[in-house]
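# Descriptive analysis of the structure
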Amino acid sequence: MEKMKIFVADSISKEGIAEFGKHPELELMVKTGLAPDKLAVELSDSVGLVVRSATQASREVIGAGKSLKVIGRAGAGVDNIDVAAASERGILVLNTPGGNAEAAGELAIAMMFALARELTRADASMKAGTWDKKSFSGCELLGKTLGLLGIGNVGSIVGSRALAMGMKVLAYDPFVSADKTKSLGFTLASFDKVIQTSDFISIHAPKTADTKGILDAKAFARMKKGVYIVNCARGGIVVEKDLLAALESGVVKGAGVDVYEKEPPDDWTLAKHPRVIATPHIGASTGEAQVNVSVMIARQIAAYLLKGEIINAVNGVK
Ligand SMILES: NC(=O)c1ccc[n+]([C@@H]2O[C@H](COP(=O)([O-])OP(=O)(O)OC[C@H]3O[C@@H](n4cnc5c(N)ncnc54)[C@H](O)[C@@H]3O)[C@@H](O)[C@H]2O)c1
């Protein structure tokens, strides 16, 4: 029996590897951090490709995979995969929605608490041997309005935790009904209402043509003075230079940023800003989430290749 080669280009958990191992028809090859030209060579006889967010499955890389049938993203966002190029070649693209939602949601909540109480700056002052009680007078989350942009897997978790903290939750999501939003305990609102009335704004939408640059200078100009911004979704949804200007003008009091226009950034001004809490795209970096997404993608790829069963496809193939 000729085995089907699955090439794993970014590291996945040992539980995910074990899940693939349950299928003798599949042969796993794990080599991470390859340059695109080396990856293209490896893909020439691969039937499946597994990536997280580091590997760019570009049109050229996909084109080199002459036998490729499926690309699996162990995670949610597929902006590192040229889905159109895959569709043209009849390659199915799968992701694992929800598998890392708790991890990403909890990071967004952690950002809100840390921003409200200036935790990172207060900690840094203690580490510098300074007892400075006066500089860190924060605010409470209780009674504040949280505006969510996107209430899918991650956004709905963030909203539910915010409700438990006594916040009012406004949500803008063009693809979710008012009834569904109400059943979550949130209030569906227009984009304008969300950005104009929120004390905290947290982004949980995918990066698309509609959301790219949605928080730009025009949007910041309409926000409440002293608003906090959290972006644990995707870089580029917030225009970084406009966020910096809004921090400087005082419109934005603080920002929690996990994702960047370029990763790692070429320009570190935003990450180094004193009122920005910056993390290096660690939203999904919990042990639990990595096990979840790795096992999910292994099951989904095996189901497709061995039984033709399609679970969580982001494109359609004939
Ligand atoms: N930082 C990280 O490591 C990390 C981890 C997990 C997810 N993410 C990112 O978080 C975001 C949300 O992930 P998810 O799993 O909840 O995705 P999801 O698909 O479950 O939910 C996304 C929601 O955004 C909504 N949406 C689409 N277009 C919109 C628009 N123009 N305006 C407002 N809402 C819009 C959709 O209707 C959907 O309800 C994605 O960008 C994902 O890539 C980041």
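Predicted model, so just to flag it, every value in this text is computed and none were measured.

Scanning the protein for helices and strands turns up 13 helices and twelve strands. Radius of gyration (C-alpha) of the protein: 21 Å, near the 20 Å computed for a compact globule of 318 residues. If one aligns the C-alpha atoms of the protein with their principal axes, the spans along those axes are about 70 × 50 × 30 Å. Scored against the burial criterion, the 318 residues of the protein give a buried share of 49%. A separation threshold of at least 6 residues defines the contact pool for the protein, and within that pool the share at least 24 residues apart is 61%.

On to the pairing of strand E1 (residues 4-8), then. For E1, the buried fraction is high: four of the five residues fall into the buried class. Bridging between E1 and strand E2 (residues 26-30) involves five bridges; their strand directions are parallel. The residue bridging Val-8 from the neighbouring strand is Val-30, located in E2. Read as a crossover between parallel neighbours, the route from E1 over helix H1 (residues 14-21) to E2 is right-handed. Pairing of E1 with strand E3 (residues 48-51), which is carried by three bridges, proceeds in the parallel orientation. The residue of E3 that forms the bridge with Ile-6 is Gly-48.

In this section: the domain arrangement of the protein. Taken domain by domain, the protein comprises domain 1 (4-99 + 287-307) and domain 2 (101-278). Placing the centre of domain 1 and that of domain 2 at their C-alpha centroids yields a distance of 31 Å. Opposite the seven residues of domain 1 that make contact, domain 2 presents four residues. A buried area of about 400 Å², summed over both sides, lies between domain 1 and domain 2, and 45% of it is on carbon and sulfur atoms. Among the residues domain 1 hides against domain 2, the three largest losses belong to Asp-79, Gly-98 and Ala-289. Together they make up 70% of the total. A salt bridge links Asp-79 to Arg-234, with the shortest nitrogen-to-oxygen separation between them at 2.9 Å.

Analysis parameters
Residues numbered from 1 in each chain as written. Predicted model: local features only at pLDDT ≥ 70, side-chain atom pairs only at ≥ 80, totals over all residues. Heavy atoms only, no water. Helix = DSSP H or I, 4+ residues; strand = E, 2+ residues; numbered from the N terminus. Rg over C-alpha atoms; globule rule 2.2 N^0.38 Å. Buried < 20%, exposed > 50% of the residue type's maximum accessible area, 1.4 Å probe, protein only. Contact = heavy atoms within 4.5 Å. Pairing = 2+ DSSP bridges. Right-handed = clockwise from strand over helix to strand, strands pointing away. Domains from an automatic or database assignment. Buried area = accessible area lost by both parts, 1.4 Å probe. Salt bridge = Lys/Arg side-chain N within 4 Å of Asp/Glu carboxyl O.

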